[in-house]
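Each chain, written out:
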Amino acid sequence: MKSAVETLNPTRVRLTVEVPFEELKDSLDAAYKKINQQVTVKGFRKGKVPARVIDQRFGRGAVLEEAVNDALPKFYTDAVNEAELNVLGQPEVDITELKDGETLNFTAEVDIRPSIEIPDFSGIEVEVDAVEVTDEDVAKAVEELRERFASTSPVERAAEDGDVVTIDLEAKVDGEVLEDGVADGVSYTIGSGELLDGIDDAVKGLEAGGEATFTSELKGGSAAGKEAEVTVKVTQVAARELPELDDEFAQLASEFDTIEELRADSRKRLENMKQYDQATQAQERVLEKLLELVEVPVPEKLLEDEVNTRKHNLEHHQLGQMGLDLAKYLEIQGKTEEEFETETREAAVKGIKTQFVLDELVKQEKLNVNQEELTEHLMRRAASSGMSPDQFAQAVVEGGQVPLLVGEVARGKALAVVVEKATVKDTNGEVIDLDDEDEETEAPEAEAAETTESAEEKTEG
């Protein structure tokens, strides 16, 4: 077999392959054997029909077609390996010549990973938000904890903001009660915004036994997005009572003995959260700067596939779970279809570039992924997917996704290398040492893996 490579553009090549006919022998034998098992010829036992009879009865062309279809993948793979190409996706194959007994010639056009040169990135500088926790932040956190320990007691008065009401609901569209539009005994906190628009105004001022009707757009169910006439009946009004902010509350709501210890712990937790956010922000901004430094051509077909994948996942998975279609989603977001298309394409380009650049860095820095790092990443991915680690690991193995997870970890380590060499300052002008912060949060590689996942989303190559 002889092969040659023609570069069509920085991300696409054409392979020209010439195969001597004798190299098709194994595939021809396999073709005769396969056809033998499929046909019946009078006078011959099944599977024992001679090749010359098959040629006469079914045509040599059918045999050649079967043999070529069997052989092409191997010859294509050999040509790719011989040229040391890093191909993306499936090739477009064209058989240019097939002479029985002489030769098989074909071409294969395929996208390849572009050659990328990573420049010196040690001069990257970014600014991030300063970690500042105010007394108001702490007070808000403690108040939220206090809200969780609130108790309720029925009252004989009109419902007010903050009260918990028990209600029955009935929704009609075009005068007809919806099958899934009736609910009894629903508990609702007035002002929480957790149910329908307009319900707060409807129930405020009602006592137990009171009823009101209002119009609202349904957020889910069989008539999601439609205007409905909703009747709400209050069956109970209960006042919420918050516990006193004292040592007794601290002992009830935490492992601490005093309210001051609880406040100090809340401050520390908020600082850790803001440090984590700061580290993530640093990684995102360093990645942006890195991508600006590198010229990355993007294969057009890969880009189109990525755009289509993102749109499909949004429409058929994320929006479907919320009972929305794309048109309603765009209306809620205040975006036109053109704006959505542009944003999706830009995100896809960024995802592809991120993967290409960080994969090149993995090679350049000779980064490897050990079992402990892979297991840790798998545990985090399992937690975010809502699956147990065992379930997630089984799904990954069965789906052949282990190399993808290894790639995610490796790219996270590559980004961590870049962040480590970058200068990160906060808005107060202070230089931030992310290694110190990560002792309190996560390893920089783990955080960086999350950052690269966010940028890449579903990009695969």
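Conventions used here
Residues numbered from 1 in each chain as written. Predicted model: local features only at pLDDT ≥ 70, side-chain atom pairs only at ≥ 80, totals over all residues. Heavy atoms only, no water. Helix = DSSP H or I, 4+ residues; strand = E, 2+ residues; numbered from the N terminus. Rg over C-alpha atoms; globule rule 2.2 N^0.38 Å. Buried < 20%, exposed > 50% of the residue type's maximum accessible area, 1.4 Å probe, protein only. Contact = heavy atoms within 4.5 Å. Areas by Shrake-Rupley, 256 points an atom, 1.4 Å probe, with all protein chains shown as cover. Lys, Arg positive; Asp, Glu negative; His and termini not counted. Charge placed at Lys NZ, Arg CZ, Asp CG, Glu CD. Patch = residues over 30% accessible without salt bridge, like charges linked within 9 Å, V, L, I, M, F, W, Y side chains within 5 Å. Salt bridge = Lys/Arg side-chain N within 4 Å of Asp/Glu carboxyl O. Pairing = 2+ DSSP bridges. Axes fitted to C-alpha atoms, helices over the stretch in contact; angles between N-to-C directions. Parallel < 35°, antiparallel > 145°, perpendicular 65-115°, else oblique. Left-handed = near helix turned anticlockwise from the far one by under 90°. Nonpolar A, V, L, I, M, F, W, Y, C, P; charged D, E, K, R; others polar. Phe/Tyr/Trp six-rings, centres within 6.5 Å; stacked < 30°, edge-to-face > 60°. UniProt positions renumbered as here; feature names shortened; annotations may be inferred. Polar contact = N/O pair within 3.5 Å; in protein donor to acceptor, adjacent residues only side chain to side chain. Core = buried A, V, L, I, M, F, W, Y, C linked by side-chain atoms within 4.5 Å. Expected span 1.5 Å × (residues − 1).

Undergrad: Please provide a residue-by-residue account of the overall build of the protein chain, values included.
TA: Regarding its fold elements, the protein chain presents 15 helices and eleven strands. Taken against the 2.2 N^0.38 rule, which gives 23 Å for 461 residues, the C-alpha radius of gyration of the protein chain at 32 Å runs more than 25% over that of a compact globule. Counting over 461 residues, the protein chain shows a buried share of 38%. For the protein chain, restricting intrachain contacts to residue pairs at least 6 apart in sequence, the fraction spanning at least 24 positions comes to 70%. For the protein chain, the exposed surface amounts to about 26300 Å²; the carbon and sulfur share of it is 45%. Side chains of the protein chain give 50 positive and 108 negative charges; the mean places of these two sets differ by 11 Å.

Undergrad: Give me a nonpolar patch on the surface: which residues, what numbers.
TA: A cluster of nonpolar side chains, contributed by V93, I95 and L98, occupies part of the molecular surface with about 210 Å² of accessible area. With respect to the element layout, I95 can be found in strand β3 (residues 87–99). Residue I95 is classed as partly exposed on the basis of its relative accessible area, which comes to 38%.

Undergrad: Account for the sheet that holds strand β2 (residues 12–20), naming residues and giving values.
TA: Here we have four strands laid out as an open sheet, ordered β1-β2-β4-β3, and antiparallel in their pairing. The sheet terminates laterally at β1 (2–9) and β3, the two strands that pair on one side only. Averaged over all adjacent pairs, the angle separating strand axes in this sheet is 20°, with direction ignored.

Undergrad: Give a description of the packing of helix α8 (residues 300–322) against helix α10 (residues 337–364) that names residues and reports values.
TA: Relative orientation of the contacting elements α8 and α10 amounts to 120°, with a least axis distance of 9 Å. One element, α8, and the other, α10, form an angle in the oblique class. Crossing geometry of α8 relative to α10 is assigned as right-handed. Within the contact between the two elements, α8 uses E300, L302, L303, E304, E306, V307, R310, K311 and L314 and α10 uses F340, E341, T344, R345, A347, A348, V349, G351, I352 and F356. Its residues assigned to classes, the contact of α8 with α10 comprises ten nonpolar, two polar and seven charged.

Undergrad: Can you tell me about the packing of aromatic side chains, naming the residues and giving the values?
TA: Between two aromatic rings, the relevant description is the distance of the centres plus the angle of the planes. Within this structure, the stated rule accounts for one aromatic pair. The interplanar angle of 85° and the centroid separation of 6.0 Å between the aromatic rings of F149 and F249 together place this pair among those described as edge-to-face. Here F249 lies in helix α6 (residues 247–253) and F149 lies in the loop between α4 (135–148) and β6 (151–154), a separation of 100 residues in the sequence.

Undergrad: Which residues make up the UniProt feature "domain: PPIase FKBP-type" (unreviewed entry) in the protein chain, and what values do they have?
TA: Following the UniProt record, one finds the feature "domain: PPIase FKBP-type" (unreviewed entry) at residues 162–215. The distance separating the terminal C-alpha atoms of residues 162–215 is 22 Å; by composition the span is 9% helix and 54% strand.

Undergrad: Quick one: what's the story with the side chain of R310, residue by residue and with numbers?
TA: Mapped onto the fold, R310 is located in helix α8. Separated by 3.4 Å, the side chain of R310 and the backbone oxygen of A347 make a polar contact.

Undergrad: Help me get a handle on the pairing of β2, residues and values and all.
TA: With seven bridges connecting them, β1 and β2 associate as antiparallel partners. The partner of K2 across the bridge, within β2, is E18. The hairpin formed by β1 and β2 contains two residues between the paired strands. Here β2 pairs with strand β4 (residues 103–112) via nine bridges, running antiparallel. Each residue of the ladder has a partner; that of V19, found in β4, is L104.

Undergrad: I'd love a proper account of unusual backbone geometry, names of residues and values included.
TA: Positive phi is not limited to glycine here, since D174 has a value of about 55°. By secondary structure assignment, the location of D174 is in the loop between β7 (164–173) and β8 (176–189). Under the relative-accessibility criterion, D174 is labelled exposed at 78%. At K366, a position not held by glycine, the phi torsion is positive, near 55°. Tracing the sequence through the fold places K366 in the loop between α10 and α11 (371–385). Classification of K366 by relative accessible area gives exposed; the value is 67%.

Undergrad: If you had to explain the nonpolar core to someone new, which residues and values would you point to?
TA: Ranked by size, the top nonpolar core spans 37 residues in total, and within it F121, I124, L290 and L361 carry the most contacts. Looking at this core, the elements with two or more residues in it are β5 (125–128), α7 (259–293), α8, α10 and α13 (402–421). Considering each element in turn, this core owes the most residues, seven residues, to α10. In contact with F121, not counting residues within four places along its chain, are L290, L293, L361, E365, V417, V418 and K421. Formed by 31 residues, the second largest nonpolar core is a distinct cluster that contains V13, F21, Y32 and V63.

Undergrad: How would you summarise the environment of L88 if you had to cite specific residues and measurements?
TA: As for its position among the elements, L88 is in strand β3. For the pair L88 and D111, spaced 23 residues apart in sequence, the C-alpha to C-alpha distance is 5.2 Å.

Undergrad: Explain α13 residue by residue, including any values.
TA: The terminal C-alpha atoms of α13 lie 30 Å apart, and with 20 residues this matches the ideal 28 Å at 1.5 Å per residue to within 8%. Burial within α13 is extensive, with 14 of its 20 residues counted as buried.

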